[in-house]
Structure formats: C-alpha cells, structure tokens
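# Fold and geometry: a report
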Amino acid sequence: MIDFYYWPTPNGWKISIMLEECGLEYNLIPINIGKGEQFAPEFLKIGPNNRMPVIVDHDVEGEPVSVFESGAILFYLANKTGKFIDQSPHGIKETLEWLFWQTGNQGPGAGNLSHFVNYAPDGQDYSKTRYANEYNRCLGVLERRLQDRDYILNTYSIADMICWPWVLIAKPLGQSLDDFPNVAKWRNDIKLRPAVQRGVDLGKEFRRSAPPTEQERKILFNQTAQDIKDKNN
Ligand SMILES: N[C@@H](CCC(=O)N[C@@H](CS)C(=O)NCC(=O)O)C(=O)O
C-alpha cells in the first residue's frame, strides 16, 4: 500500500494521475495547505520542503520508503512498476531531462504566475509579467517538442504526466493555447484518458470555493526559513 499525501492542485495531480494510470492501491492522506498541515513536524520528516505531494511506499522489503518532489516520485513509481518509462539509457536520459525541465522551469513559472493571478491581481506588474512570460516561453518549448510527435517522449509517459497539469489550467492562468496548436492537441488527447480524469477529480471536494481567508494567506504567503523554524519549535 502507498500512502499518498495530497491536496488537489496541479502538483498533486501529477501523482494522482500516475497512481490511477498504474492501478496502484493507495491511501489518500489530505494535507490541507491552507491550514498549514505541511508544517507539521511529522509531515516534515517525509516532506522536508514543506510541500505536497509526498508518498510513503509500504510495499517494499524492510523500512517503508518515503519520496518527496513530484519528479522524484514519478521516477520512483515508474521504476517500481516498469510502466510509463522507457528504461533504455536513451529513454532514461530523456525522461530525466523532461522531469528536471518541468520542476526547474515550467513548475516555478506556472506556480508563481498562479500566485499573482489568483492572489495578488493588483500591482506587482513587473513580477506578474515576468512569470507570465516564463510560462509562455515554456509553452513554446513544449510546442516545438510536440511538432513531430504525439507525446513528449516516444510514447505516453511520466514526462507527459509531469508537464500536463499546469497546461490543463492555461486559460485560468490567462494564457490562450491558440498560438500553441500542438500543445492544445496534446492537452486535449491526454484529458480524454479515464485515469487522467480520475486523477484530476481526486479530492475535488477539498478544492477552494472562495478566496483565501486572512489566516490562510498568512500561512501560505511570505514563508521564510525563520517561519518554518518557528512552526517547529
Ligand atoms: N517542486 C515541488 C512543488 C510542490 C508544491 O509547490 N506544492 C504546493 C502545492 S501546489 C504546496 O504544497 N504548497 C504548500 C505551501 O505553499 O505552503 C514538486 O514538484 O513536488
């Protein structure tokens, strides 16, 4: 059994999609990031970056294995199951390139853009534009990659699963896909997969229906190293 520490956001969907695609049994453990559950000392032992997603795999010999960071989790699960990864040296190289690309480029760009679109719509023009441009640039990278192929690698893989969730919500992030027809087709093809629909629907009852309260804003924004220390003393 796999414990899955999750909250329904694009970073969480990367893993809910993979678990559903593989048909793995998992135990959903909601981490309410608006309530600050990501700072609990017990959670920090397995998620030292105070972010979800995290998994703990009990289906191993010896001590359970915990994994944090979505790219590492996807790579771990793909290796565990032998699914959605090409394990040739070239396949592994390309898989790692796109996992690192997503967590180092598209993810931070999209996550920061989402912050400005959803939580700081007034002011911060320079920062918002910078992240909107970076998100747009990353769509261009994907567009070029997809010009002669249906998926990021040769077949549907964890490289698609990690890049797709932040493209799913392009419109609410203020970015039309009209200029990116290859990305738009790839987005729509993957959206039709039943496991992907189940992954995105997971925990949808927890989704925010109102803007964050003052208390939630305090927890989610302006986190510093000191802040994390205070919460654990
Ligand atoms: N690089 C991380 C990013 C994870 C991440 O940013 N998770 C967000 C939710 S989308 C989170 O847990 N936020 C909690 C917080 O901001 O305190 C990954 O790819 O796993």
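An account of the accompanying structure is given in this report.

Conventions and cut-offs
- Residues numbered from 1 in each chain as written.
- Predicted model: local features only at pLDDT ≥ 70, side-chain atom pairs only at ≥ 80, totals over all residues.
- Heavy atoms only, no water.
- Helix = DSSP H or I, 4+ residues; strand = E, 2+ residues; numbered from the N terminus.
- Buried < 20%, exposed > 50% of the residue type's maximum accessible area, 1.4 Å probe, protein only.
- Axes fitted to C-alpha atoms, helices over the stretch in contact; angles between N-to-C directions.
- Parallel < 35°, antiparallel > 145°, perpendicular 65-115°, else oblique.
- Left-handed = near helix turned anticlockwise from the far one by under 90°.
- Contact = heavy atoms within 4.5 Å.
- Nonpolar A, V, L, I, M, F, W, Y, C, P; charged D, E, K, R; others polar.
- Near = heavy atom within 4 Å.
- Polar contact = N/O pair within 3.5 Å; in protein donor to acceptor, adjacent residues only side chain to side chain.
- Areas by Shrake-Rupley, 256 points an atom, 1.4 Å probe, with all protein chains shown as cover.

The next subject is the side chain of Ser16. Position of Ser16 among the secondary structure elements: in helix α1 (residues 10-22). On the accessibility criterion, Ser16 (0% relative accessible area) is buried.

Time to look at the packing of helix α3 (residues 70-81) against helix α4 (residues 89-119). The N-to-C vectors of α3 and α4 enclose an angle of 155 degrees; their axes lie 9 Å apart at closest approach. Considered as vectors, α3 and α4 are oriented roughly antiparallel to each other. Pair α3 / α4 crosses with right-handed handedness. Residues Ser70, Gly71 and Phe75 of α3 form the contact with α4, whose participating residues are Ile92, Thr95, Leu96, Leu99 and Thr103. A class-by-class count of the residues in the contact of α3 with α4 yields four nonpolar, four polar and no charged.

Next up on the list: the site of the ligand. Neighbouring the ligand are 14 residues, the closest being Gln38, Met52, Glu69, Ser70 and Gln223. Note that an oxygen atom of the ligand is positioned 2.6 Å from one of the side-chain N or O atoms of Ser70. Here the ligand loses 83% of its free accessible area of 520 Å² to cover by the protein chains. Of the residues in the shell around the ligand, the class split is four nonpolar, seven polar and three charged.

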